[in-house]
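Coordinate analysis (summary)
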Amino acid sequence: MFKIKIRSPEGPGDGHSQAFEPSWAILDSAIDSIYDGQVNTLSFELLYHTVYSMVLRKQGSELYSRLRKAIEEKLSKARNTIVSPDPKLLVSDFLRVWEKQCDCLRLVSDFTMYLDRVYCKENRVPFVYDLGLELFRDTIMFPLKREIHGLLIQQINNARLGEPHVDSEQLKEVFNLMETLRDGDDTYFVHEFEPFLIRETEGFYRDFAKKNTEDAVLYIQKIKAQLDTESNLNCQFLNKDTSAKILKVAEEIVIAENASFVVKDGLPQLLIEKDYPTLRLLFQLYHNPKDKSELHKQMSHCIIKEAMLIEEDNALKKKGQVAVKWTTKVMQLRKSFEEVFTKAGESGANSYNTISESFSTFLNQNGRKSAEYLAIYIDSFLRSSAIADNIDQMWLEDTVSMFKLLREKDAFEKVYKQQLSKRLLQQRSCLKTEKLVISKMKEEMGIAFTSKLEGMFKDILVSQGYKAKFEQSYSAPFDFEVNVLTPPCWPFQLTTLEPEVELPSTLERLKLDFENFYIRNHSGRSLRWAYHLGSMEIGFHFSKGYHEITMPVYAALIFMLFESHDELSADEISDLTKIPEHELIRHLLTISVAPKTRLLKKNPLNKTVLPTDRFQINYAFQAPTKKVKVLAVLPKTDTSVHQNTRIDESIQDLLKERRGCVDAAIVRALKSLKAASSKSLFARVEHDLSNRFTVTTTLFEESVERLVEREYIQRDVDDPSLCRYLP
Amino acid sequence: MGIDSDNFKELCYWCRIGSVENVDRLVSTGVNLNLNDEFDNSPLFLASLCGNEGVVKLLLKRGAVCDRDRFEGARCIYGALTDSIRNILLAFDISKAVDSRQPFAAHLSSLLTDPSIKSHDVVFQFSGAEEIKLHKFLLAARSSYFEEKFQGSWADKHLIKMPDWIPYESLRIISRFMYLVPVLHELGPEEIGIAKQFCKKLKLLDLLDYIEKVRHIMDPSEKSRLATESQFRFSERARQQLRAFVGKIIEKKMCLPLGDISLFEALETLKSSACVPDVFLSVREKQRPGFRWFYPCHRSILIRSEYFKIMFSSNFKEASSYSETPEGTVDRSKSFPIVSFPCSDPAVAELILAYLYYDNTDIHWKLALDVLVAADAVFADRLKTMAAVAIMQSTEFLDHRSIFEVLYVAWETRMERLEHYAAEVIARDFKFYCGDPRFEEAVLRSSQRIQNRQETDTIELIDDIRYQLLKKHNIDTDDFEDITWDELEMKPTRTESSPYEEDIAMLENLLNKMGLIA
């Protein structure tokens with residue numbers, strides 16, 4: 001039923017023997033012809049069918065190994081033709097052999113295609129062409145490795161040194177060859193040549209760095225030029241991947257390894273000389289993140305060093321002037337560094353941070369002073385711009401960004417509040433501007449920081465309303481203005497009862513009227529008068545002319561006594577006005593001794609006031625302007641002591657406040673945590689208060705002791721480092 | 001059109017089943033892919049609904065239309081079983097360029113747009129110095145006008161200067177049409193006007209028909225549908241024309257003794273025949289030793305097989321015997337080489353030619369094995385698959401030929417599909433084959449194949465048969481993964497020997513007898 005047809009491979013190949021040797025002889029001589037350049041005499045058909053039949057006869061493996069041998073032989077012969085003594089010709093010989101081998105291999109692999117597809121695929125061996133490439137690598141590339149590599153690197157190094165006649169085409173061809181050859185899982189280029197090239201590059205740049213370390217600026221310029229040359233060269237004959245690696249290696253050596261002296265010595269010099277082009281180069285060179293952060297660190301050192309050089313000009317008389325001058329200089333320095341960064345092509349978040357951090361470090365080395373000076377600086381600015389409607393936005397930004405850097409913000413707040421209150425009460429600044437400044441601070445610090453300051457504004461505004469209403473129902477014999485202040489918002493101590501003084505009758509009535517008016521509107525509130533904050537303006541005709549004199553209320557009360565008296569002793573004045581003694585003495589000195597405001601004649605004229613001293617109006621008073629302002633003097637007798645105590649007092653105040661804050665923060669934290677270790681508690685408190693000031697460990701420990709004593713919290717019995725909340 | 005509608009039904013069946021090979025085979029017979037069956041389902045819809053991704057891809061490549069703007073297309077997309085199929089359909093949406101070309105058509109196009117060898121033998125020059133290089137045989141096959149011209153006044157010319165009044169653009173469009181480059185979608189009104197003038201003269205009725213119709217259609221999606229359908233018709237027409245042309249080649253074949261003096265003269269006559277060949281294909285004549293058949297053929301078609309492609313693009317004698325005219329065409333005055341087909345049956349050779357010229361895959365089972373071997377030798381992979389499918393589909397094959405023969409050829413030509421088929425056939429009638437001494441030999445050969453490779457200790461043929469036995473007796477292979485063999489034997493239903501176990505026992509006995517462990 002079944003017929004098995006005996007088939008045999010057909011084609012011109014059949015008929016000849018089934019044995020291996022005769023078939024191989026055909027192929028062997030064909031390979032010879034191909035290498036002799038006589039491919040066009042060969043019949044593809046015959047060769048293909050010879051291979052085809054051999055594969056079908058299962059002679060594939062024998063055929064494959066014979067092919068291997070034959071190709072190997074051809075390659076060894078070719079290897080011996082690469083002998084040129086001239087190094088340049090050696091490379092071109094090498095390339096010539098490569099091209100020829102590729103052509104021949106292509107032809108051989110054309111007629112062995114059936115072997116490729118059937119034998120090689122099934123047995124997972126390289127195709128004939130790839131086999132040929134492998135053999136080329138082993139027979140020619142490896143033995144010549146040292147020479148070829150050496151010649152290539154020589155050419156590359158020459159090119160690096162600027163030799164114009166570099167045959168980049170040839171280099172490219174050799175690299176293409178190396179990328180075509182496989183080696184292991186990668187190309188020969190990646191596996192063999194690239195590591196070599198990188199090693200050599202390292203050597204080249206180490207040398208280069210060594211030769212050029214005399215001058216920092218020169219070094220920067222030289223390496224920049226060299227690296228530019230390098231990247232240009234690489235573009236010409238290297239692939240992107242390798243090129244990037246090479247550049248990285250070069251940069252590492254010339255910058256990270258050898259250029260620390262550049263930033264240490266060169267950077268300050270560049271900054272002094274304001275050599276922006278070189279700075280720009282420097283920043284370009286230090287583009288990788290590690291190098292860059294090092295550069296920024298050095299910049300930061302320079303900034304701090306420079307800032308430390310700013311001196312307080314103690315030659316100036318007033319503290320205010322010292323503060324303003326110092327702060328202005330600091331701000332200018334900051335601006336100038338911003339400019340340095342911009343001109344060096346390095347503007348951006350990075351450099352902004354560097355500047356900020358440097359200034360922050362600097363400012364907080366003497367935190368309280370910085371805070372105070374900045375507050376004074378703002379004060380002087382706001383006073384001087386009282387009339388200006390439009391505040392300088394730039395100024396505002398700069399100032400607030402300085403403010404941000406302060407760590408002891410509570411110290412700043414204290415001074416600022418004091419001065420703001422003065423400005424508001426004395427109407428020395430533009431309300432709109434003040435509000436703008438506050439709103440900026442609010443943006444930065446949150447509402448808690450500015451709530452009291454805003455309370456002050458509110459009082460002032462409300463008071464203006466009272467005045468208008470009051471004037472509707474009562475008639476005042478003269479201009480009269482009352483500010484009703486809510487004590488907690490204002491930095492004055494009104495706790496000690498202000499003694500009532502005797503007012504002239506007109507004033508007394510006005511005062512009573514206002515009190516009635518206010519109580520009617522707000523029953524249950526009590527008003528207390530803060531005379532020492534007020535001022536009065538009095539017109540008086542002296543013998544040399546008429547003057548309008550603005551003076552503190554106490555001084556005015558004294559002065560007005562002389563409406564009905566020609567001459568009074570200090571004792572009598574005290575009796576008539578009931579002004580507290582130290583205020584009386586101070587104001588008597590103000591209007592009788594202070595050279596520019598000698599409204600009264602004092603007898604005897606000296607700098608102390610005794611109860612028996614006598615006073616009368618100094619009709620000979622004269623002043624260059626019609627309006628005269630009387631500023632209360634500080635009693636001279638103990639100024640230095642007094643000043644010290646004042647400073648001490650403010651420090652004490654600050655400390656007291658801080659203690660309160662720390663206490664509150666600890667209790668708040670423990671209330672929610674129930675229990676916490678000292679360490680974590682400290683961290684939390686520090687974080688909570690970081691907006692206001694830096695909590696020190698002593699401050700914290702004291703606070704804990706205090707709270708334990710007062711039984712707000714307790715220490716754990718077993719673990720004393722653990723604190724518990726006591727409900 | 002009874003055969004066509006039968007073919008279409010069969011196509012629909014394979015689309016549902018998911019057999020890429022059978023769909024390919026049927027599509028190659030020229031069935032219109034864009035018809036609907038009695039239930040209004042298109043082949044593409046069926047394949048898409050049944051989740052046969054391979055079939056969907058093939059149908060789309062062969063010109064099945066998936067137009068989102070029309071009901072059928074939208075239905076295919078919504079009905080798609082998997083997202084992956086849906087994405088394929090969307091990517092092939094008609095609004096993008098549709099490749100409605102079959103492999104032979106794609107090859108013809110590449111001859112014009114991206115030729116891998118220089119085989120042009122005529123160049124048309126225009127007054128504006130533009131020129132187009134073409135193939136005489138193809139023009140002659142596609143248009144009777146050119147056929148006459150090349151037999152008449154243009155017979156020995158390779159350079160044809162066009163009169164001034166004929167615009168370059170006209171021949172550019174016409175040649176693209178002739179080479180089945182999908183040109184319709186890019187034709188603007190101006191080009192259509194130019195093309196129309198020449199359609200009549202060149203008797204390109206299909207193109208003329210399209211031009212007449214498209215004038216009345218405004219809707220772009222309708223227009224594009226018409227273009228796709230027309231492109232499909234063009235390639236069908238081209239297929240018929242090439243079929244007729246192959247008929248002529250076969251008609252002209254000559255039987256001559258090799259090495260005879262008369263051979264040269266005979267080939268010269270063949271060369272100047274209407275087939276305009278540039279290579280002679282020779283096949284041995286079995287009956288008369290020393291005699292050979294010669295077919296007038298064309299390199300540009302033969303290179304569809306990888307073997308001929310390498311032959312004609314490398315630098316060996318065959319390729320270097322051609323030379324070029326100054327105008328860059330093939331110099332027809334030189335003699336052309338003779339190449340041979342690796343088969344000794346003219347019928348097989350003619351079948352391969354039909355495949356190369358117009359994708360014919362209608363392979364008679366009697367020739368299938370020889371076609372398979374020959375196709376393997378010339379690297380025509382798709383033809384190999386088709387020959388294997390022809391064997392597997394044939395109901396008569398096994399009545400005349402042995403399954404072991406199939407198995408050996410399958411090994412030789414690395415047709416895994418056919419190996420499995422052989423195992424299936426043996427398993428199906430296991431009692432019968434098990435006693436056959438040839439089976440023993442086959443097992444032995446299979447085991448040697450493995451030993452040569454030294455990969456595993458199994459015998460592939462035995463593994464395949466075991467698997468097919470499982471399938472035959474409807475035993476789910478997963479059963480064995482869950483239960484150990486012990487458990488299986490303990491089961492009461494299995495204690496009495498099932499037919500499956502009988503078969504397996506027979507197989508084990510045989511292996512024991514042969515001393516093989518597998």
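Since we're looking at a predicted model, the values are computed, not measured.

**Focus: the overall build of chain B**
Secondary structure assignment for chain B yields 30 helices and seven strands. Across the 518 residues of chain B, 40% fall into the buried class.

**Digging into the overall build of chain A**
Regarding its fold elements, chain A presents 28 helices and 11 strands. Burial status across chain A gives 30% buried among its 727 residues. Expressed as a percentage of contacts within chain A between residues at least 6 apart in sequence, the contacts between residues at least 24 apart total 68%.

**Quick notes on the interface of chain A and chain B**
How big an interface is tends to be reported as the loss of accessible area on association of its parts. Facing the 21 residues of chain A at the interface are 19 residues of chain B. Sorting elements by how many residues they give to the side of chain A that touches chain B places helix α2 (residues 44–56) of chain A first, with six residues. Here the side of chain A that touches chain B is composed, by residue class, of 12 nonpolar, five polar and four charged.

**So, helix α11 (residues 240–257) of chain A**
All names here are of chain A. In a regular helix each residue adds 1.5 Å, so 18 residues correspond to 26 Å; α11 covers 24 Å between its end C-alpha atoms and thus fits that length. Taking the largest bend as the criterion, α11 deviates by roughly 25°, centred on Glu251. Taken as a whole, α11 has its buried residues at Ile246, Ala250, Glu251, Ile253, Val254 and Ile255. On its buried face, α11 is in contact with α9 (188–211), α10 (216–237), α13 (276–285) and α14 (289–308).

**Some details on helix α30 (residues 499–514) of chain B**
Because each turn of an α-helix spans 3.6 residues, side chains separated by three or four positions in sequence point in the same direction. The end-to-end C-alpha distance of α30 of chain B is 23 Å, a good match for the 22 Å that 16 residues give at a rise of 1.5 Å each. Looking one or two places after α30 of chain B, you find Gly515 of chain B, whose phi comes out positive at around 75°.

**Quick word on the packing of α14 of chain A against helix α16 (residues 349–365) of chain A**
Residues and elements named next belong to chain A. In contact at an axis separation of 9 Å, α14 and α16 are set at 40° when each is read in the N-to-C sense. As far as their axial angle goes, α16 and α14 are oblique. Between α14 and α16 the crossing geometry is right-handed. Residue-level contacts link His296, Met299, Ser300, Ile303, Ile304, Ala307 and Met308 of α14 to Asn350, Thr354, Ile355, Glu357, Ser358, Phe359, Thr361 and Phe362 of α16. Of the residues contributing to the contact of α14 with α16, the split by class is eight nonpolar, six polar and one charged.

**Some thoughts on the sheet that holds strand β3 (residues 159–161) of chain B**
All names here are of chain B. Sheet architecture is open: three strands sit in the order β2-β1-β3, paired in mixed fashion. Taken across any chain shown, the strands that pair with only one partner, and hence form the sheet edges, are β2 (131–134) and β3. In this sheet, neighbouring strand axes are inclined to one another by 20° on average, regardless of whether the strands run parallel or antiparallel.

**Thoughts on unusual backbone geometry**
Of note, the phi angle at Asp359 of chain B is positive, near 65°, even though the residue is not glycine. Examined against the element boundaries, Asp359 of chain B turns out to sit in the loop between α18 (346–358) and α19 (365–377).

**Structural notes on the nonpolar core**
One recurring pattern in soluble globular proteins: nonpolar side chains tend to sit buried together. Core analysis: the largest hydrophobic core is formed by 226 residues, its most contacted members being Leu374 of chain A together with Ile352, Tyr357, Val371, Ala374, Ala387 and Ala422 of chain B. Looking at which element gives the most residues to this core, the answer is α18 of chain B, with 10 residues. Setting aside anything within four residues of it in sequence, one finds Ala422 of chain B in contact with Ile403, Val406, Leu407 and Ala410 of chain B.

**Quick look at the environment of Asp613 of chain A**
Residues and elements named next belong to chain A. The residue Asp613 is located in the loop between β6 (600–603) and β7 (614–617) in this model. Residue classification places Asp613 among the partly exposed residues on the basis of 19 C-beta atoms within 10 Å. Asp613 sits 44 residues away from Ser569 along the chain, and the two C-alpha atoms are 5.4 Å apart. Discounting chain neighbours no more than four positions away, the residues touching Asp613 are Ser569, Ala570, Lys602, Asn603 and Pro604.

**Some points on the packing of α18 of chain B against α19 of chain B**
Packed helices, taken two at a time, are described by the angle between their axes plus the distance between the axes. Residue and element names in this part refer to chain B. With their axes 10 Å apart at the nearest point, α18 and α19 run at an angle of 60° to one another. You can see that α18 and α19 cross each other, and the crossing is right-handed. Seen from α18, the contacting residues are Ala347, Val348, Leu351 and Ile352; seen from α19, they are Leu367, Asp370, Val371, Ala374 and Ala375. Split by residue class, the contact of α18 with α19 holds eight nonpolar, no polar and one charged.

**Considerations on the pairing of strand β5 (residues 279–284) of chain B**
All names here are of chain B. Most of β5 is tucked away, with six of its six residues classed as buried. In this structure, β5 lies alongside strand β7 (residues 338–340), joined through three bridges in parallel fashion. Bridge assignment links Phe280 to a residue of β7, and that residue is Ile338.

**Focus: the pairing of strand β6 (residues 291–297) of chain B**
All names here are of chain B. Burial analysis of β6 places six of its seven residues in the buried class, the great majority of the element. Of the strand pairs in this sheet, strand β4 (residues 254–257) and β6 are connected by four bridges, and their pairing is antiparallel. Its bridge partner lying in β6, Cys255 is registered against Trp293. Across six bridges, the pairing between β5 and β6 is antiparallel. Looking at β6, one finds that Arg284 is bridged to Arg292.

**Describing the sheet that holds strand β5 (residues 567–569) of chain A**
Residue and element names in this part refer to chain A. The three strands lie next to each other as β5-β7-β6, forming an open sheet whose pairing is antiparallel. Every other strand in the sheet has two partners, leaving β5 and β6 as the edge strands with one partner each. Geometrically, the sheet is characterised by an average inter-axis angle of 25° between neighbouring strands, direction not taken into account. Where β6 meets β7, four bridges bridge the pair, whose relative direction is antiparallel. Residue pairing for β7: Leu600 is matched across the bridge by Ile617.

**Describing the environment of Met113 of chain A**
Relative to the assigned elements, Met113 of chain A resides in helix α5 (residues 113–123). Spatially, the C-alpha atom of Met113 of chain A lies 8.3 Å from that of Val128 of chain A, the residues being 15 residues apart in sequence.

**Some thoughts on the confidence of the model for chain A**
For chain A, the average pLDDT comes to 80, and 93% of its residues sit at 70 or higher. This stretch, residues 637–642 of chain A, has a pLDDT under 50; its non-local contacts, to residues over four places away or in other chains, come to two contacts.

**Description of the environment of Gly534 of chain A**
All names here are of chain A. Checked against the element boundaries, Gly534 lands in the loop between α22 (505–521) and β3 (535–542). On the neighbour-count criterion, Gly534 (15 C-beta atoms within 10 Å) is partly exposed. It is 9.3 Å that separates the C-alpha atoms of Gly534 and Asn483, two residues lying 51 residues apart in sequence.

**What to know about the confidence of the model for chain B**
Residues and elements named next belong to chain B. Within chain B, residue pLDDT values average 82, and 90% of them lie at 70 or more. Taken element by element, chain B is modelled with least confidence in helix α29 (residues 492–495), mean pLDDT 46, and with most confidence in helix α15 (residues 299–302), mean pLDDT 93. Under a pLDDT of 50 for its full length, residues 95–100 has, in the predicted model, 10 contacts with residues more than four places off or in other chains. Note that pLDDT drops below 50 for residues 490–495; the model gives that stretch two contacts with residues more than four away or on any other chain. Taken together, the chains of this predicted complex give a pTM of 0.64 and an interface ipTM of 0.80.

Quick notes on the rules
Residues numbered from 1 in each chain as written. Chains lettered and ligands numbered in written order. Predicted model: local features only at pLDDT ≥ 70, side-chain atom pairs only at ≥ 80, totals over all residues. Helix = DSSP H or I, 4+ residues; strand = E, 2+ residues; numbered from the N terminus. Buried ≥ 20, exposed ≤ 12 C-beta atoms within 10 Å, placed from the backbone. Contact = placed C-beta atoms within 7 Å. Nonpolar A, V, L, I, M, F, W, Y, C, P; charged D, E, K, R; others polar. Expected span 1.5 Å × (residues − 1). Bend = angle between axes of the 7 residues up to and from the residue. Axes fitted to C-alpha atoms, helices over the stretch in contact; angles between N-to-C directions. Parallel < 35°, antiparallel > 145°, perpendicular 65-115°, else oblique. Left-handed = near helix turned anticlockwise from the far one by under 90°. Pairing = 2+ DSSP bridges. Core = buried A, V, L, I, M, F, W, Y, C linked by C-beta atoms within 7 Å. pLDDT = per-residue confidence, 0-100.

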